[in-house]
Amino acid sequence: MAASTDQSPAQGPSTHTRLPPRDRALLTPSVLFSLKVHFKDHKGNLIKTVEANEGDDILSIAHEYDIDLEGACEGSVACSTCHVIIDPDHYDLLPEPEDDENDMLDMAFGLTDTSRLGCQVRLTKELDGITCTLPSATRNMFVDGKKPTHH
């Protein structure tokens, strides 16, 4: 856990700590808004419904709840293994993908009109109830056989 201390003349010392999603909820429950995220398999069967916080990304949420979403490049937009298919109603609420995400999506297995990389989808209040469907397979152009580490 990384922490840094800043000194402000008007406010005195303050400590900023970067915490994983599950720990942030413990420290500031009144500030964060709990969101529901539904994960389905490629056949449309519900895998799990989980709770997450604003600002969390789909890949991190999947790893936190042991959902089988690979993420070989660990969120650096260098692969397409965290490819998810977003339900159309929520897809329209997302910002347009950046060029690097589109480049990786071009290599994704089972690409659809509502495909995104899970590492690039950050939750907002408007995305409460989002459904992410996992494709039937992934293409790992990054490192074949590498198992991602969970942060």
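Residues numbered from 1 in each chain as written. Predicted model: local features only at pLDDT ≥ 70, side-chain atom pairs only at ≥ 80, totals over all residues. Heavy atoms only, no water.

With mixed pairing, the five strands of this open sheet are ordered in space as β4-β3-β7-β5-β6. Each edge of the sheet is formed by a strand with only one pairing partner; in this case those strands are β4 (46–53) and β6 (115–117). Across this sheet, the average inter-strand angle for adjacent strands is 35°, counted without regard to direction. One ladder, built from three bridges, connects strand β5 (residues 83–86) with β6; its direction is antiparallel. If you follow I85 over to β6, its bridge partner there is S115. (Pairing = 2+ DSSP bridges. Helix = DSSP H or I, 4+ residues; strand = E, 2+ residues; numbered from the N terminus. Axes fitted to C-alpha atoms, helices over the stretch in contact; angles between N-to-C directions.)

Next up on the list: the environment of D106. Looking at the secondary structure, you find D106 in the loop between α4 (99–105) and β6. For D106 and S80, which are 26 residues apart along the polypeptide, the C-alpha to C-alpha distance reads 8.5 Å.

Mean pLDDT over the chain: 80, with 69% of residues reaching 70 or higher. Low pLDDT, under 50, characterises residues 1–18; the predicted model gives this stretch 21 contacts beyond four residues in sequence or across chains. Below pLDDT 50 for its whole length, residues 141–148 participates in 13 contacts with residues either more than four positions away or in separate chains. (pLDDT = per-residue confidence, 0-100. Contact = heavy atoms within 4.5 Å.)

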